[in-house]
Amino acid sequence: MASLYAQTNKTARKATRYKNCASQAAAVQKNAGTEGCHVSSVNSGEASAVATGLNLKADKHTGQAEIGRAIPSRVGLKQKRNLKIEYECRSAEHSEKSDPKVPKWEPRNWKEHLNNIREMRKNKDAPVDHMGAEKCFDKDADPPVMRYQVLVSLMLSSQTKDQVTSAAMMKLRSHGLTVDSILKTDDKLLGELIYPVGFWKTKVKYIRQTTEILKWQYNGDIPNNVAELVKLPGVGAKMAHLAMDIAWNNITGIDVRKIWSQYVVNNE
């Protein structure tokens with residue numbers, strides 16, 4: 001009789017735990033917005049609330065509910081929407097092939113701007129046309145000397161107007177602009193010759209260091225490639241590409257001046 005009473009109490013307590021678990025599952029469903037999902041019990045003594053992305057279980061010993069790994073369910077699930085990804089085509093050729101009716105994009109008023117620039121540049125009277133790096137060296141000098149003068153003019157041109165650079169180059173050429181003559185010139189006189197170019201004190205140091213490297217490592221000539229040119233003190237990538245173009249007649253980078261001049265000529 002006592003055994004039957006104990007078994008009855010055990011069954012009652014288990015039913016109470018299941019009821020509490022179901023109540024907790026319903027509360028979680030309501031908070032998660034998944035009302036309408038079913039609550040089921042399993043033979044192992046656990047009650048499971050299956051909702052969209054939710055797995056709520058009650059332990060048969062403690063009666064406490066816990067959230068476990070998400071269990072996919074068909075109840076209350078929304079169908080996935082297919083997302084179509086399209087990329088803007090910036091290639092004019094591709095755009096014309098894909099849809100010939102779509103007009104090719106062009107900058108606003110670009111033809112008007114082009115005509116204005118042509119008008120401004122038709123006389124080629126800007127300082128760079130007469131005093132740029134292409135005009136500063138002695139064309140009658142030996143090739144190594146000519147190339148050295150091109151490099152020096154480019155080093156002086158940084159942060160300096162073309163008129164000032166040209167004047168400094170004229171003074172240097174009158175003094176003697178060769179590797180050997182610059183090595184024999186002291187820093188004070190060299191500074192006086194290149195003054196007032198921008199950062200002239202720093203450029204005196206760079207010209208001195210670069211000239212020494214050219215003397216002992218390149219036999220008085222300049223490097224014939226960009227990688228070695230940019231290793232010289234005071235020589236940047238732009239100077240290196242211009243030196244390759246002017247001194248070595250080898251275009252290794254984008255020369256905006258030449259590309260623009262050629263574009264204007266071809267479109268006149």
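Read on for an overview of the structure. (Residues numbered from 1 in each chain as written. Predicted model: local features only at pLDDT ≥ 70, side-chain atom pairs only at ≥ 80, totals over all residues. Heavy atoms only, no water.)

### As for the packing of helix α5 (residues 143–157) against helix α6 (residues 162–175)
How we decide: Angles run from 0 to 180 degrees between N-to-C directions of axes, and those axes are lines fitted to C-alpha atoms, restricted for helices to the stretch in contact. Helix and strand definitions follow DSSP, with helices as H or I runs of at least four residues and strands as E runs of at least two, each counted in order from the N terminus. For classification purposes, angles smaller than 35 degrees are called roughly parallel, those larger than 145 roughly antiparallel, those between 65 and 115 roughly perpendicular, and all remaining angles oblique. Handedness of a helix crossing follows the sense of rotation of the near helix relative to the far helix, less than a right angle counterclockwise being left-handed and clockwise being right-handed. Contact definition: two residues touch when any of their heavy atoms are within 4.5 Å. Basically, the charged four are Asp, Glu, Lys and Arg, the nonpolar ten are Ala, Val, Leu, Ile, Met, Phe, Trp, Tyr, Cys and Pro, and anything else, Gly included, counts as polar.
As a packed pair, α5 and α6 sit with axes 10 Å apart at the nearest point and diverge in direction by 140°. Considering the angle they form, α5 stands oblique to α6. Seen from above, α5 lies across α6 with right-handed handedness. Contact residues: Q149, V152, S153, L156 and S157 in α5; T165, A168, M169, L172 and R173 in α6. The residue inventory of the contact of α5 with α6, partitioned by class, reads five nonpolar, four polar and one charged.

### Some words on the packing of α6 against helix α8 (residues 187–194)
The N-to-C vectors of α6 and α8 enclose an angle of 135°; their axes lie 7 Å apart at closest approach. By the angle class used here, α6 and α8 are oblique. Contacts between α6 and α8 involve A168, K171, L172 and H175 on the former and, on the latter, L189, L190, E192, L193 and I194.

### Some points on the side chain of S166
Tracing the backbone shows S166 in helix α6. Discounting residues that sit within four places of it in the chain, S166 has contacts with M131 and C136.

### Regarding the nonpolar core
The following threshold applies: As used here, the term nonpolar core means buried Ala, Val, Leu, Ile, Met, Phe, Trp, Tyr and Cys residues forming a set that is joined through side-chain atoms within 4.5 Å. For the exposure calls, accessible area comes from a 1.4 Å probe over protein chains only, and a residue counts as buried if that area is under 20% of its type's maximum, exposed if over 50%, partly exposed in between.
The biggest cluster of nonpolar side chains holds 36 residues, and the ones touching the most others in it are Y148, V152, L156, L172 and I207. Listing elements by their share of this core, those giving two or more residues are α5, α6, α7 (179–184), α8, α9 (200–217), α10 (226–229) and α11 (237–246). By residue number, the principal contributor to this core is α5, which donates eight residues. Setting aside residues no more than four positions away along its own chain, L156 makes contact with T165, A168, M169, L172, I194, V197, K203 and I207.

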